[in-house]
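A structural walkthrough
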Amino acid sequence: MKKIIPLLILAAVMSGACNKSTNLSEDDSAIEKKIDKLLSEMTLEEKIGQMNQYSGNSAITGPLKARPEQIEDLKKGWIGSMLNVVGATNTREMQKLVMENSRMKIPLIFGFDVIHGYKTIFPIPLGESASWDLEAIEASARVAGSETAASGVHWTFAPMVDIARDARWGRIMEGAGEDTYLGSLIAVARVKGFQGKDLKDNNTIVACAKHFAAYGAAEAGRDYNTVDISDRVLKETYLKPFKVAVDAGVGTFMNSFNELDGVPATGNGYLVNSILKKDWDFKGFVVSDWGSIGEMVNHGVAKDKYEAGNLAANAGNDMDMESNSYRDHLLQLVKDGKVSEKTIDEAVRRILRIKFKLGLFDDPYKYCNEELEKKEVMSEANLNMARDVSRKSIVLLKNNNQILPISSDVKTIAVIGPLADSKKDMLCNWTAMGDPNDAVTVLEGIKAQVSATTKVLYAKGCNIADDSVTNFAQAVNIAKQADIVILAIGEAGNMSGEAHSRGNINIPGRQEELAKELFKTGKPVVVLLMNGRPLTIPWLAANAPALLECWFLGTQSGNAIADVVFGKYNPSGKLPVSFPYSVGQIPVYYNHKNTGRPKLSDTDFYVSRFEDIPNEPVFPFGYGLSYTTFSYSDITLSDTAMGMQDTLAISVQVKNTGKFDGEEVVQLYIQDLVGSVTRPVKELKGFKKLMIKVGETQEVKFKISTSDLAFYTKDMSFKAEPGDFKAYVGTSSSDCKEKRFTLK
Ligand code: GLC
């Protein structure tokens, strides 16, 4: 059956031209009238109250300070939102404090970091992005949204849409990797998953595009560090996922901790007022990150929180998370004429708009339903969905001599490694209400699937991060008794995430030495790599007989991994991020520039190269194997040239030449050979994930238009330029067929 990929729709999504299937674009005049009325009745203190957000203690996600005045503030209506308060009962109790005591009775909106699941925990977002399966990613967010809503919470601080090209940065685990095109489509999928068809539904929550903006470009990959990039790189690489999130109807934004070109994002009017609210016509509201308003004092752009509040309010930051700057200074700032009441009204209007869209004024307790909570959270359907998404996120990196899949009748299997039977690490970071006790470990997953006659041996072998090798002998001993070894190594779950940058991204501790000792036994060893970021694994990549990138897959980790190991599911993941050869190679990403002296061979000298390491990553963006093999025909173009108003059809035949039915992610890249500014050597412009049965050939078609070729030209206008291009189609960014064409 021919598959034609509607690239025009994808292009529309990317350019924001698509019709807004959003809950925000409908200018609901009835809501606006109700807001007008409320604003006319509210005191200035009550308006400022809506702009304050404080944390409860269902989870600690920042430097929490005690706030004895919190209860009184709630009763006075001086707090508009709470984060980290979860559960139908808890949220009802807190809502009652406001609804039964405050004058205006404006409901609280409850927010929480549901980053990869609420209690049913899904793969970390970077891992889920490796599925390249937009439907699965949307479904995952839909389940997370349903469980969150059932637990009394209205709002998630997700999706995190920060493009990241530096694996030292711990928060790379929270996003969709290095590519703007893939990251943008995944951002849309996640927004739609969380927000569903209508924010008024009882199982939908409002999403939050974060962290605005360019947080992933922190110098040296050190969290919260300085970001200094050109306006062109900002717009070409970092802003697009935010733009498409607006077009998908995302209800809120969160700004980032970092400065951008000398101005902290929290007080950056260019980012918030000009680009987000004016150019993009964003109708929702912007919340600061935890304390980021007050942190402008540390940045050195504000003498005190009075000045910080002034900068933030006038830059368009609508809500203050946990810094007290608005609570303690905004009233005075208005009285001093520094912040106009019009600015306050605009911020409050945006906040009230989302509360109306959620239906909170109709029923402030609509999400407080213990019965629904019991039924929805961790349901069997949700767990099955998590297992499916987890399997799809696994990337097969090596499979020498088809070691994998393993027969479940294998006589003896040794399961080894510090991550082989660890529940807590499977959830990684940002675990919301996930309970490690619910996680299925690799050992448990393997035991659940082997035959009754199979003997399963287990040894931890070593710890994740210490120097002890005392347990190597036991591990080697059981490996020698086994027909096959499964070795689970990598990072601890808490080695990535916020404030977890690492200057050395090798596999920690003595784990690689353990692998060496096991390889020496001559037994076939399948290495399961578990990590929240790309790791520098040149030796392991060269020496592991079989290697699966398993990320941290959440609650269903062990079952999903066993499904792949025993061939119930043929791995189909592709890397959403490059794996550096060493930390010295960073930043390394596929869509780099050519430079004036590109390295074309290892003998070149006066070229852009290293003396001691290769230029190429160990594993490139878009790479991933299958248990089967696929062959690609040459590319067919509908024409060798296209006009500005034309589209160009690009097609390729893909044949399954192996022994297993399998899914392949066919990738389309485009290179603009000559531009008014330098252009990347290739850029992802389309992909299609499809099942191809053994012996079957499928035609995969892409259609590109000039909107796919547009970029910020020398004068920063966004358009395509006539000239020569190359189309690349293949199984990864470094394994493609190519064909030239001209844009007239
Ligand atoms: C944290 C994170 C942000 C999160 C917020 C609330 O500091 O930077 O991503 O949503 O605080 O927990």
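Predicted model only: the values in this text are computed from it and were never measured. (Residues numbered from 1 in each chain as written. Predicted model: local features only at pLDDT ≥ 70, side-chain atom pairs only at ≥ 80, totals over all residues. Heavy atoms only, no water.)

**Some remarks on the overall build of the protein**
Secondary structure summary: the protein contains 24 helices and 28 strands in total. In terms of overall dimensions, the protein has a C-alpha envelope of 75 × 65 × 50 Å along the principal axes. With 744 residues in all, the protein has 63% of them scored as buried. Counting contacts in the protein only where the partners sit at least 6 residues apart, residues at least 24 apart contribute 79% of the total. Accessible area of the protein: about 26600 Å², with a carbon and sulfur share of 50%. Charged side chains in the protein number 87 positive and 93 negative. The centres of these two groups are separated by 2 Å. (Helix = DSSP H or I, 4+ residues; strand = E, 2+ residues; numbered from the N terminus. Buried < 20%, exposed > 50% of the residue type's maximum accessible area, 1.4 Å probe, protein only. Contact = heavy atoms within 4.5 Å. Areas by Shrake-Rupley, 256 points an atom, 1.4 Å probe, with all protein chains shown as cover. Lys, Arg positive; Asp, Glu negative; His and termini not counted. Charge placed at Lys NZ, Arg CZ, Asp CG, Glu CD.)

**Here's the deal with the pattern of salt bridges**
When their charged atoms lie close together, side chains carrying opposite charge are able to pair. Under the defined criterion, the tally for this structure stands at 48 salt bridges. Linking aspartate 328 and arginine 327 is a salt bridge whose minimum nitrogen-to-oxygen distance equals 2.9 Å. Two residues, lysine 599 and aspartate 602, come together in a salt bridge whose shortest N-O distance is 3.2 Å. For lysine 599, a relative accessible area of 23% puts it in the partly exposed group. By relative accessible area, which is 71% here, aspartate 602 ends up exposed. What emerges from the salt-bridge pattern is a single network uniting Asp133, Arg387, Asp388, Arg391, Lys392 and Asp563. (Salt bridge = Lys/Arg side-chain N within 4 Å of Asp/Glu carboxyl O.)

**A word on the packing of aromatic side chains**
Taken as a whole and judged by the stated rule, the model has 25 aromatic pairs. Ring centres of phenylalanine 212 and phenylalanine 253 lie 5.0 Å apart, and the angle between their planes is 85 degrees; this geometry places the pair in the edge-to-face category. Placement of phenylalanine 212 in strand E6 (residues 208–212) and of phenylalanine 253 in strand E7 (residues 252–255) is noted, with a sequence separation of 41 residues between them. Classification of phenylalanine 212 by relative accessible area gives buried; the value is 1%. Judged by relative accessible area, phenylalanine 253 falls into the buried class, the value being 0%. For the pair phenylalanine 519 and tryptophan 539, a centre-to-centre distance of 5.6 Å together with 15 degrees between the ring planes defines the contact as stacked. Pair noted here: phenylalanine 519 is in helix H21 (residues 511–520) and tryptophan 539 is in helix H22 (residues 538–543), with a separation of 20 residues, a long-range link. Grouping aromatic residues by their ring pairs yields a cluster made of Trp132, Tyr181, Tyr590, Phe621, Tyr669 and Phe687. Its guanidinium or amino end placed over the ring of tyrosine 589, arginine 165 lies 3.7 Å from that ring's centre, counting from NZ or CZ. One residue, lysine 516, lies across the ring of tryptophan 539, its end atom 4.9 Å from the ring centre. (Phe/Tyr/Trp six-rings, centres within 6.5 Å; stacked < 30°, edge-to-face > 60°. Lys NZ or Arg CZ within 6 Å of the ring centre and 35° of its normal.)

**Quick notes on the sheet that holds strand E5 (residues 155–156)**
Ordered in space as E5-E4-E3-E2-E11, the five strands form an open sheet in which the pairing is parallel. Edge positions in the sheet fall to E5 and strand E11 (320–321), since each has one partner strand and no second. (Pairing = 2+ DSSP bridges.)

**A few points about the packing of helix H13 (residues 305–315) against helix H14 (residues 325–335)**
Put simply, H13 and H14 touch, their axes get as near as 9 Å, and they point 80 degrees apart. What the angle tells us is that H13 and H14 run roughly perpendicular. Here Lys305, Tyr306, Gly309, Asn310, Ala312 and Ala313 of H13 lie close against H14, whose contacting residues are Ser325, Tyr326, His329, Leu330, Gln332 and Leu333. Among the residues forming the contact of H13 with H14, the class breakdown is six nonpolar, five polar and one charged. (Axes fitted to C-alpha atoms, helices over the stretch in contact; angles between N-to-C directions. Parallel < 35°, antiparallel > 145°, perpendicular 65-115°, else oblique. Nonpolar A, V, L, I, M, F, W, Y, C, P; charged D, E, K, R; others polar.)

**A look at the domain arrangement of the protein**
Under the domain assignment, the protein is made up of domain 1 (405–585) and domain 2 (630–743). Measuring from the centre of the C-alpha atoms in domain 1 to the corresponding centre in domain 2 gives 35 Å. Residue-level contacts link five residues of domain 1 with nine residues of domain 2. It is Asn570, Ser572 and Lys574 that lose the most area in domain 1 upon contact with domain 2, and together they represent 77% of the buried surface on that side. (Domains from an automatic or database assignment. Buried area = accessible area lost by both parts, 1.4 Å probe.)

**A closer look at the site of the ligand**
With respect to spatial proximity, 13 residues lie near the ligand, and among them Thr61, Asp113, Arg171, His211 and Asp289 are the closest. Within the side chain of threonine 61, one N or O atom sits 2.6 Å away from an oxygen atom of the ligand. One of the side-chain N or O atoms of aspartate 113 is found 2.5 Å from an oxygen atom in the ligand. In isolation the ligand offers 310 Å² of accessible surface; the protein chains occlude 99% of this area. When the residues that make up the shell around the ligand are grouped by side-chain class, the tally is six nonpolar, two polar and five charged. (Near = heavy atom within 4 Å. Polar contact = N/O pair within 3.5 Å; in protein donor to acceptor, adjacent residues only side chain to side chain.)

**Observations concerning the side chain of glutamate 376**
Among the secondary structure elements, glutamate 376 is positioned in helix H16 (residues 370–376). Despite its burial, glutamate 376 remains without a salt bridge, the nearest opposite charge being carried by lysine 375 at 4.9 Å. When residues no more than four places from it in sequence are discounted, the contact partners of glutamate 376 are Ser146, Glu147, Ala150 and Asn382.

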